[in-house]
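# Understanding the architecture of this molecule
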Amino acid sequence: MTATTLLHGKSISVFDFRCGFGPGDKPFAEQHRCHSISYVRKGSFGCRSRGKFHELVAGSVLIGHPGDEYTCTHEHVRGDECLSFHLSPELVEAIGDRKEIWQLGAAPPLPELMVLGELAQAAAIGNSDIGLDEVGQMLADRFVEIVSGKPRKATPVAARDRRRAVETALWIDANSHRPIGLEDAAGQAGISPFHFLRLFAGVLGVTPHQYLLRSRLRHAARRLACDDSPITGIAYDVGFGDLSNFVRSFGRAAGASPQKFRRASRGMRKIFQERLARH
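What comes next concerns the included structure. (Residues numbered from 1 in each chain as written. Predicted model: local features only at pLDDT ≥ 70, side-chain atom pairs only at ≥ 80, totals over all residues. Heavy atoms only, no water.)

### Here's the deal with the packing of aromatic side chains
Formally: Within 6.5 Å between ring centres, the rings of Phe, Tyr and Trp (the latter by its six-membered ring) count as paired, and their orientation is classed by plane angle as stacked under 30 degrees, edge-to-face over 60, tilted in between. Working definition: helices are DSSP H or I runs of at least four residues, strands are E runs of at least two. Numbering for both runs from the N terminus.
Within the structure shown, the criterion is met by 8 aromatic pairs. A centroid spacing of 6.2 Å and a plane angle of 55° characterise the contact between Phe200 and Tyr211, whose relative ring orientation is tilted. On the criterion of sequence distance, the pair formed by Phe200 in helix H7 (residues 193-204) and Tyr211 in helix H8 (residues 208-226) is long-range, its members being 11 residues apart.

The structure is reproduced here in structure tokens:
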């Protein structure tokens, strides 16, 4: 088993687990250290927990409850890959911490969870503008909602909370050149990450990470159109830590590479200048 840490935060951490065990390997007992949701993205394995046995395939979800023992088997195929979200007690309490929900052991491939699992995978490899911590909270929230059979009711947002969301958005935009996580933004708003994500997305229609990324792209577009700084310098200045990620994200948003966007913007500016000169 290999484990790669993709994200480490106070309320949620994300790991990429890859297991190479097969039918000939002897299973052994393990113990969940915290509440967790692990999305099976590839392969298959069995899991025995609390007297029940579950067969998990791609799209299934392994559920962890702190202190519970479990044993994984690989009787049918060799290997599996999981994207695992480990949740803090505070986050679980905010989402819903009923023991009977978190001690189910596993959930079958449910469409409501599979689409979020695949969105999480896209975020993990940089093909989505949603943050891994954000989609992890969405996955956990949706899991509790489905298992409990109690959909969350939409509640009116008070003017104070709308102002809180807007003020935090302005703070994100002003500081978008810096690393900002969900917990940082929630701390600025003065509420828990779970409630902040729901509030921000409900008021502004985008998640905090989506807004952060789009702020960076907006600042980059302005720089590309207005100054002659190297594209690499602009990418780092506006907050992208990786040039290839910037080029890929900008290309998806603009429909053109940063270089082509710069050329096009200069060409249009020249046309407008010539038209003004004629008048």
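Read on for the rest.
### Re the pattern of salt bridges
Threshold: For salt bridges, the criterion is a side-chain nitrogen of Lys or Arg within 4 Å of an Asp or Glu carboxyl oxygen.
One pass over the full model with this rule turns up 14 salt bridges. Across the salt bridge formed by Glu81 and Arg41, the nearest N and O atoms sit 3.1 Å from each other. Of the two residues, Glu81 is situated in strand S8 (residues 80-87) and Arg41 in strand S4 (residues 35-49); the sequence distance between them amounts to 40 residues. Salt bridges linked by common partners bring Asp16, Arg18, Arg41 and Glu81 together as one network.

### With respect to a nonpolar patch on the surface
The condition that has to hold: Put simply, a patch holds well-exposed residues, over 30% relative accessible area, that have no salt bridge, with like charges counted together within 9 Å and Val, Leu, Ile, Met, Phe, Trp or Tyr side chains within 5 Å. Here the open area of atoms and residues is found with the Shrake-Rupley method and a 1.4 Å probe, where only the protein chains shown may cover a residue. Each residue is placed in one exposure class: buried if its accessible area under a 1.4 Å probe, protein chains only, is under 20% of its type's maximum, exposed if it is over 50%, and partly exposed if it falls in between.
A cluster of nonpolar side chains, contributed by Val166, Leu170 and Leu204, occupies part of the molecular surface with about 250 Å² of accessible area. Checked against the element boundaries, Leu204 lands in helix H7. According to the relative accessible area criterion, Leu204 is partly exposed, its value standing at 35%.

### Considerations on the environment of Leu182
Rules: We call two residues in contact when some of their heavy atoms are within 4.5 Å.
Looking at the secondary structure, you find Leu182 in helix H6 (residues 182-189). Taking the relative accessible area as the measure of exposure, Leu182 reaches 4% and is therefore buried. In the structure, Leu182 is positioned 16 residues away from Arg198 in sequence and 11 Å away in space, judged by C-alpha atoms. Every residue in contact with Leu182, bar those within four places of it in the chain, is listed here: Asp133, Glu134, Gln137, Pro193, Phe196, Leu197 and Pro208.

### Things to note about the pairing of S8
Counted only if it meets this: Paired strands, as defined in this entry, are two strands with at least two bridges between them according to DSSP.
When you tally the buried positions in S8, you get 8 out of 8 residues, the bulk of the element. Bridge count for strand S2 (residues 12-19) against S8 is 8 bridges, and the pairing is antiparallel. Directly across from Arg18, in S8, lies its bridge partner Glu81. The sheet contact formed by S4 and S8 spans 8 bridges and is antiparallel. Opposite Ser38, over in S8, you have Ser84 as the bridge partner.

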